[in-house]
Amino acid sequence: MKEQTIKKHNNYEMLSDIGINTSGEVYLNLDADTLIQHAVSMEGAALSDTGALVCLTGQHTGRSPNDKFIVEDAKTRDMVDWGKVNKPMTPEHFARLRADQAEYLADKNLYVGYAYAGAQDEYRVPISVINETAWANLFCKQLFRRLEASEIGQHAAEFTIVHSPNFEADPQKHGTNSSAFIVVNFSEGLILIGGTNYAGEMKKSIFSVLNFVYPQRGVLPMHCSANISKVDPSRTALFFGLSGTGKTTLSSDTTRQLIGDDEHGWSTEGIFNFEGGCYAKCVTLSKENEPQIWNAIRRGAILENVVIDPKTKIPDYHDVSLTENTRAAYPIEHIDEAILKGTGNHPEHIVFLTCDAFGVMPPISKLTPEQAMYHFLSGYTAKVAGTEKGMGNSPQATFSTCFGSPFLPLKPTVYAEMLGRRIAEHNSQCWLVNTGWIGGGVGVGNRISLKYTRAMVQAALNGELNGVEVVIDEIFGLSIPASIQNIPGNVLRPWEMWKDLGEYKKVAMDLAKRFVDNFARFEAYMPELHKAGPRI
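Counting of residues starts from 1 at the beginning of each chain's written sequence and follows it residue by residue. The predicted nature of this model means local features are confined to residues of pLDDT at least 70 and side-chain atom pairs, given and counted, to a pLDDT of 80 or more, with totals for whole chains, interfaces and linings taken over all residues. The basis for the side-chain values is all heavy atoms of the structure; hydrogens and waters are excluded.

In this structure, what is going on with the environment of L258? I would like to understand it.
When you line up the elements, L258 lands in strand β14 (residues 256–260). C-alpha of L258 to C-alpha of H349: the two residues are 91 residues apart in sequence and 15 Å apart in space. For this analysis, residues touch if any pair of their heavy atoms sits within 4.5 Å. Each residue touching L258, except ones within four places of it in the same chain, is listed here: A226, N227, S251, S252, C278, I332, I335, A338 and I339. Put simply, DSSP H or I for four residues or longer makes a helix, DSSP E for two residues or longer makes a strand, and each gets a number counted from the N terminus.

If you want it as structure tokens, here you go:
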């Protein structure tokens, strides 16, 4: 699409409708090449040796969960699960923030893009983005779903993102926690983001929106990747997990076709991708271990906080001097044989990914439907350094409900009950896979080999583990396959990897108690699941 520049509001009313009146240029729906040119010539971005746009985000190199708010009003007051994750903002504070952000943008050049979320037509949510920078607009263009040229004239956004990274909030005046802010107003269909250049805030704000609106439309929103078998495209698999647990890596499999790497819905028709691109972590990225992601980083892709050689422009994916949360954003078309329509059948397999920092969870185990519900609500994992501001350098054990607690505006049981019904209706087989440590915790054991994890997951998805003999984990009650081809038996049984069995049992019982203590908040709603947890 050729560049389209619109002066002020000439035949274009969307900006003024939301209170933005700029004396600068308004660039509407620029093509990727033009956005790249703007980012390089006007914003100091660089190009890698493969043509990917290399951008730095400054102070914020990850999400800022303490700076997220939802406007509390008649639409949200009784529906949102208010608390540490979903913090309220008054309509008055929002109005002041919106007005001051608009005033800041009054003399800025703006990049406007039209897109949508949701690959199934009946559940499509139209989106508009208004960006202060060209590279952020390119990010949205590549990550959200792209409109056909014939659809642009009929576009009417249900939600609009206004992103001004160089405008900072005043906590006293605007009711924010700091100078950064990510605020969703469901009644007005507006998302205000500022004080942070980290592009992932825009992606995840739309995910949070969909987690609010989709359950009301009969769709289960999920923080998961999805792919299908090349041999039998009717066989779909889902991979749940927080950042750093392997959603993108394990779903980018040369033996399968990718539907999407992060966010999907489960409707009565099947699975559909929310997005039109991927946002992969690329710390220690290698062509050998992750060839699909490696090959996707080319012209049109964005490298976020990746250090490149000043002469050769070759990225150094092992350099974490800026952050461990280095990222690559690219359109899904960059993945060979990806399912561009973004849909798939009801899942045959569901994989819950956990990054166990203690080194006591089995690398793979088969779950009963009750255990699947228990572990979905528990969402045990370890947050990986750098994904969120203030995380420090070591992984931290945590329980993230539904493997996506930071993005869930509604009560967790809403999503859990929907998942339970879907699993029962379609007889989906569920697995728990530990991509974290074995033989000991962080600093003692080792991160499990990606080669082994891939082999275990492929065996499960190919049906090779159906009916195999299992070993029951006496503490967690999990069914562990007794053997898997090409996997050493002691790797499958974590207690055999520890030098001191007594120490293993001590650490495992400590983690089991954490599970039980965490799940206590759900027992009043789903008491029948108590027996599906650890045995202490």
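Now, onward.
So what exactly am I meant to see when it comes to the pattern of salt bridges here?
Side chains carrying opposite charge are able to pair once their charged atoms draw close together. Only one rule defines a salt bridge in this text: a Lys or Arg side-chain nitrogen within 4 Å of an Asp or Glu carboxyl oxygen. Overall, the coordinates contain 22 salt bridges when judged by the stated rule. A salt bridge links K505 to E474; the shortest N-O distance between them is 3.9 Å. Of this pair, K505 sits in helix α13 (residues 501–519) while E474 sits in the loop between β30 (470–472) and β31 (479–481), and the two are 31 residues apart along the sequence. The exposed category is assigned to E474, whose relative accessible area is 55%. For R493, the salt bridge goes to E496, with nearest N and O atoms at 2.8 Å. Classification of residues uses two cut-offs on accessible area relative to the type maximum, computed with a 1.4 Å probe and protein chains only: under 20% is buried, over 50% is exposed, and between them is partly exposed. Since its relative accessible area comes to 16%, R493 is described here as buried. Residue classification places E496 among the partly exposed positions, given a relative accessible area of 40%. A single salt-bridge network, built from bridges that share partners, covers K203, K204, K247, D262, E263 and E275.

Please clarify how the sheet that holds strand β21 (residues 327–331) should be interpreted in this entry.
The strands that make up a sheet are held in pairs by hydrogen bonds between backbone atoms, and each pair lies either parallel or antiparallel. Any two strands are treated as partners once DSSP identifies two or more bridges connecting them. Across the sheet, five strands lie side by side as β3-β4-β18-β21-β17; this open sheet has mixed pairing. Edge positions in the sheet fall to β3 (46–47) and β17 (277–281), since each of these pairs with one other strand and no more. Strand direction decides the pairing type here: strand β4 (residues 53–55) and strand β18 (residues 302–304), joined by three bridges, are parallel. By the bridge assignment, L53 is partnered in β18 with I302.

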